[in-house]
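Each chain is listed here by its residues.
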Amino acid sequence: MKRKNIPWDFYSMIMIIIYAMLQVIRWAILPQSMDIYYHLLTAWGFNQAGGYSGWDFWQYAPLGRAHIYPPFFHIILALPMKLGISVTILAKFCETIAPIVFLLTLWFFIRNNFGKRISFFVILVFSSSFHFYMSLMNHLPATLGLIFGILCIGLLLQRSLLRSAILLTLCFYTHIGVSWFFATAIFIYGLLDKKFTRMALKVIILSFIFSSPVLYKEIYGFRFISALGFEMKEANTYQINVLNYVLAFAGLILILFKEKKYRIFAGTFLASLIFLIYPYRFFSAEGYLPVILLVGFFLDYIYGKLQDSQYISYVFITAVLFMSLLSPSIARYTLDAGAKGGYKIIFFDSAFLGMLFGKGESIWFPKDYLPASRIIKDNSGPDDIVYSPFNLVGVILSAISGRATANALFPEISPPVTGDPYVSSKVIIFNRLDDNSLTGDITNKYGLKKIGETKTFILYINSRCLEKINRKSASLPFWVTSLAGAALLLLYLAPKKKRPKNI
């Protein structure tokens, strides 16, 4: 078979289909991310408010806190929840399809703008990092933002100003970090490629105009953010695929000084430096996307130079096996928040093997969560509040049972004042591993009565509690957000005017 007839699309689709099958197989242990419970609870809060709320009254209840998270993903979740779709099914569905939709988007973008062969190598390099793959499931708004951003760049390269700006706008309404990453990448690309300088600036400015409401909300809300989020264990735990970074730098040099067609890849890499304040995001999550692009480009470049060599088949097979199987990385780990931790080498750290052997921790325990949720529903009303000394438990059970919580995830934003969660909560959830003397003191102090238990949890009711959720009306009702979405959709679908030909 002549090498020019190699079915690159076929090889790419085989890999994508394999990942799709592995995602379906993984359904039973999903959801794996704690983040999805925050998003489900936020969508529930939007439904309670009747639209987008700028005040998070569903966490740290009844006090609440400022809410600055971009709302697009939560508005999307709110509709199926309103229709009665199970939150657990919704969470499983989102985590199942996110990596595959991202992978298809990435493949489509590379293939349409740079060719079939390089799109195969990009998908191959995608297979080299299990942690990047997991981040696509764990950080769903960020993944959605990556999808919008990739499509935005694709339309920028096609000089579709309005559509590119609308997709960058959707990034801003979906995820704070990812939106600035793509805006910065487009700006740098405009500096690197003079043919796109004006187009890049127009896309950024137009998206800023469309995104001004959410940008104002974020800028106003930054005063409530503490540095706590950057001190969490996840922020200081990451994996570095050293060889891929070496290849990425080689690809970056080639692009900057020779292969200028691919300068958008260089733009994304330089823009990814904004994630350095959060090493996990930079090395193992969203910041790893430019590395995938640069290494994919470099492998394609080497293949093009060696394709007439008698040894090209061996080089090709070696690259495939290394990226999809061995793929070693250096991992930094911490045992406790704030600990210095250490480093270790991890072999066979590829996405393919990680998915094939079911790597990754699951926090989905239906034999505990579902019975505990039923106990909460049976012993509380829709305006009551639940609390657990363990924040994650409180948020998970609140999201599943449809109740506000005195707990909160993402504690970077704290309430304006503090209160006693045991006083304001109707249902208290203890873990069986909690100190018995401490839980005994608490139950006696607040007059808590046991109402049920599971294998892991013991649930109490506070019959003295008179506090209720302090529900706020929507800052923007759903009919307003629906009209805004419809307007953007109509603008996006509007036929592009053809420039008159010079006579």
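Scope of this entry: the structure provided in the associated data block. For clarity, every value in this text was computed on a predicted model and none was experimentally measured.

Section: the sheet that holds strand E8 (residues 404-405)
Here's step 1: Ordered in space as E8-E7-E9-E11-E10, the five strands form an open sheet in which the pairing is mixed. Edge positions in the sheet fall to E8 and strand E10 (449-453), since each of these pairs with one other strand and no more.
Here's step 2: Alignment of strand E7 (residues 385-387) against E8, held across two bridges, turns out to be parallel. From the neighbouring strand, Ile385 faces E8, where its bridge partner is Ala404.

Some thoughts on the sheet that holds strand E6 (residues 342-346)
Here's step 1: Strand order in the open sheet made by the three strands is E4-E5-E6, with antiparallel pairing throughout. Edge positions in the sheet fall to strand E4 (238-240) and E6, since each has one partner strand and no second. Between one strand and the next, the sheet's axes are offset by a mean angle of 25°, whatever the strand orientation.
Here's step 2: Relative to E6, strand E5 (residues 329-333) runs antiparallel, the two being bridged by five bridges.

Notes on the packing of helix H8 (residues 161-172) against helix H9 (residues 176-192)
Here's step 1: Relative orientation of the contacting elements H8 and H9 amounts to 145°, with a least axis distance of 8 Å. Residue-level contacts link Leu168, Cys171 and Phe172 of H8 to Ser179, Trp180, Phe182, Ala183 and Ile186 of H9.

Quick word on the packing of aromatic side chains
Here's step 1: All chains considered together, the criterion is met by 49 aromatic pairs.
Here's step 2: Taking 6.3 Å as the distance between ring centres and 20° as the angle between the ring planes, the aromatic pair formed by Tyr216 and Tyr220 counts as stacked. Of this pair, Tyr216 and Tyr220 both sit in helix H11 (residues 212-221), four residues apart, which is roughly one turn of that helix.
Here's step 3: The class for Tyr216 is exposed, based on a relative accessible area of 60%.
Here's step 4: Under the relative-accessibility criterion, Tyr220 is labelled partly exposed at 39%.

Cut-offs applied
Residues numbered from 1 in each chain as written. Predicted model: local features only at pLDDT ≥ 70, side-chain atom pairs only at ≥ 80, totals over all residues. Heavy atoms only, no water. Pairing = 2+ DSSP bridges. Helix = DSSP H or I, 4+ residues; strand = E, 2+ residues; numbered from the N terminus. Axes fitted to C-alpha atoms, helices over the stretch in contact; angles between N-to-C directions. Contact = heavy atoms within 4.5 Å. Phe/Tyr/Trp six-rings, centres within 6.5 Å; stacked < 30°, edge-to-face > 60°. Buried < 20%, exposed > 50% of the residue type's maximum accessible area, 1.4 Å probe, protein only.

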